[in-house]
Amino acid sequence: QVRLAESGGGLAQPGGSLRLSCAASGFNFSRYSMAWLRQAPGKEREFVASVSWIGGSTEYGSSVKGRFTISRDNANQIVYLQMDNLEPGDTGVYSCAKAPGIWDEIHQHSRNLEVWGQGTLVTVSS
């Protein structure tokens, strides 16, 4: 069974940093592109970042570009999201997701991404 367990969320000050982790199991992690999504109260789910299955290609939503960095550790089946220079608008529940098929690419408008788990809450406030 696919399992994606997010962790690392919490309260941060504007301008601060957090690192989120997503521990994956139940599928061939190294063959799937991965992504981070987020959802704020009253808003639709938003694309944050994606990384290809080999880790060589990344893509970011315009609102986080230059501030967030996505990376992956295939040996340990973990995808990370390093969040720097946080803003109040970054507040939301962050979830990791996998591509629907082996070696499928993930872009900001990709459909059918598979979200598992409960996500981790990030709150940015002074």
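What you are looking at is a predicted structure, and each value in this text was computed from that prediction instead of being measured. (Residues numbered from 1 in each chain as written. Predicted model: local features only at pLDDT ≥ 70, side-chain atom pairs only at ≥ 80, totals over all residues. Heavy atoms only, no water.)

## Quick word on the overall build of the chain
We count it as follows: In this text, helices come from DSSP runs of H or I with a minimum length of four residues, and strands from runs of E with a minimum of two, each type numbered from the N-terminal end. Each radius of gyration reported is based on C-alpha atoms, and the globular scaling rule is 2.2 Å times the count of residues to the power 0.38. Here the term buried applies to any residue with accessible area under 20% of the maximum for its type, exposed to any over 50%, and partly exposed to those in between, with areas from a 1.4 Å probe on protein chains only. A contact between two residues is defined here by any heavy atoms of the two lying within 4.5 Å. Residue exposure ignores everything except the shown protein chains as possible cover, and the areas themselves are Shrake-Rupley values with a 1.4 Å probe. When charges are counted, Lys and Arg are positive and Asp and Glu negative, with His and the chain ends excluded. Working definition for charges: the position is that of NZ of Lys, CZ of Arg, CG of Asp or CD of Glu.
Helix and strand content of the chain: 0 helices and 11 strands. Listing each helix as α and each strand as β along the chain from the N terminus yields β-β-β-β-β-β-β-β-β-β-β. Since a compact globule built from 126 residues should have a radius of gyration of about 14 Å, the 13 Å found for the chain is in line with a globular shape. Once the C-alpha set of the chain is aligned to its principal axes, its extents read approximately 40 × 25 × 25 Å. Across the 126 residues of the chain, 43% fall into the buried class. Here the analysis covers contacts within the chain between residues at least 6 apart in sequence; of these, 59% occur between residues at least 24 apart. With the model as given, the accessible surface of the chain reaches about 6,600 Å², and the carbon-plus-sulfur share is 45%. Across the chain, 11 positive and 11 negative side-chain charges occur, with their mean positions spaced 2 Å apart.

## Points about the nonpolar core
Rules: Nine residue types can take part in a nonpolar core, namely buried Ala, Val, Leu, Ile, Met, Phe, Trp, Tyr and Cys, and a core is a set of them joined through side-chain atoms within 4.5 Å.
Within the largest apolar cluster, 27 residues are counted, with the highest numbers of intra-cluster contacts made by Trp36, Val79, Leu81, Met83 and Tyr94. Only strand E3 (18-25), strand E4 (34-39), strand E5 (46-51), strand E7 (68-73), strand E8 (78-83), strand E9 (92-98) and strand E11 (120-124) provide two or more residues apiece to this core. Top contributing element to this core by residue count: E3, with 4 residues. Among all residues touching Met83, those that are not within four sequence positions of it are Gly16, Ser17, Leu18, Leu20, Arg67, Phe68, Tyr94 and Val122. Among the nonpolar cores identified, the runner-up in size contains 7 residues, and Ala35, Phe47, Ala97 and Ile106 belong to it.

## Quick look at the state of the cysteines
Simply put, the disulfide is a covalent bond whose two ends are the sulfur atoms of two cysteines. Just so we agree on the cut-off: Cysteine sulfur atoms are paired as a disulfide whenever they come within 2.5 Å of each other.
Tallied over the entire structure, the rule returns 1 disulfide. Across the disulfide from Cys22 sits Cys96; the S-S distance is 1.9 Å. Its S-S torsion of approximately 50° makes the covalent link between Cys22 and Cys96 right-handed. Residue Cys22 is located in strand E3, and its partner Cys96 is located in strand E9; the two are separated by 74 residues in the primary sequence. Judged by relative accessible area, which is 0%, Cys22 ranks as buried.

## Quick notes on the pattern of salt bridges
Note the cut-off: Each salt bridge in this description consists of a side-chain nitrogen of Lys or Arg and a carboxyl oxygen of Asp or Glu lying within 4 Å of one another.
Per the counting criterion, the structure on display carries 5 salt bridges. We note a salt bridge from Arg38 to Glu46, for which the minimum N-O separation is 2.9 Å. On the accessibility criterion, Glu46 (32% relative accessible area) is partly exposed. Of the charged contacts, one joins Arg67 and Asp90 as a salt bridge, the two residues approaching to 2.7 Å between their closest N and O atoms. Taken together, the residues span a long stretch of sequence, with Arg67 in the loop between strand E6 (58-60) and E7 and Asp90 in the loop between E8 and E9 at a distance of 23 residues.

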